[in-house]
Amino acid sequence: SINSMGLFTSPADQARLEEQARLQADALREKELRDMYHRITEACFSECVQSFAFTKHFLPGEEQCLQTCALKYYRMSMGMGSTFAEMYIDTRQGTNQ
């Protein structure tokens, strides 16, 4: 077969290239998830934690605020992910017609 650079590749080479592409995509998704977790943590901490009191526990209301905030961001990201998936499917269907 011919790869994207116009060079002939064996089935074994093609399989290795596909595996590399899959691993790169997995690594990118993992980085995106870590980045999203960091952004959510930072945003919710900034919004909810009022004091840097040197204790093991949150002040009254802070823990509930953090849980509510994280859930809000989680639901928002899931909704956005669904929207992007639908847009991708619509785009793909449009190119296959």
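Owing to the predicted nature of the structure, the values given are computational and were not obtained by experimental measurement.

Analysis parameters
Residues numbered from 1 in each chain as written. Predicted model: local features only at pLDDT ≥ 70, side-chain atom pairs only at ≥ 80, totals over all residues. Heavy atoms only, no water. Salt bridge = Lys/Arg side-chain N within 4 Å of Asp/Glu carboxyl O. Helix = DSSP H or I, 4+ residues; strand = E, 2+ residues; numbered from the N terminus. Buried < 20%, exposed > 50% of the residue type's maximum accessible area, 1.4 Å probe, protein only. Disulfide = S-S within 2.5 Å.

Trainee: Can you walk me through the pattern of salt bridges in this structure?
Mentor: Pairing between side chains becomes possible if they bear opposite charge and their charged atoms approach one another. As enumerated under the stated definition, the model contains seven salt bridges in all. Glu19 is paired through a salt bridge with Arg22; the nearest N and O atoms lie 2.7 Å apart. Placement of the pair is Glu19 and Arg22 together in helix H1 (residues 11-48), with a separation of three residues, close to one helical turn. For Glu19, a relative accessible area of 35% gives the class partly exposed. For Glu47, the salt bridge identified is with Lys72, shortest N-O distance 4.0 Å. Of the two residues, Glu47 sits in helix H1 while Lys72 sits in helix H2 (residues 62-95), which places them 25 residues apart along the sequence. According to the relative accessible area criterion, Glu47 is partly exposed, its value standing at 43%. Here the salt bridges share partners, and the residues they tie into one network are Glu19, Arg22, Asp26 and Arg29.

Trainee: I keep staring at the state of the cysteines and nothing clicks. Help me out?
Mentor: Working definition of a disulfide: a covalent bond connecting the sulfur atoms of two cysteines. Applying the stated criterion across every chain, the model contains two disulfides. In this model, Cys44 is linked to Cys69 through a disulfide, with the two sulfur atoms separated by 2.1 Å. Here Cys44 and Cys69 share a disulfide; its torsion about the S-S bond, -85 degrees, makes the bridge left-handed. Here Cys44, found in helix H1, pairs with Cys69, found in helix H2; they are 25 residues apart in sequence, far enough to count as distant.

Any link to function would need more than the numbers given here.
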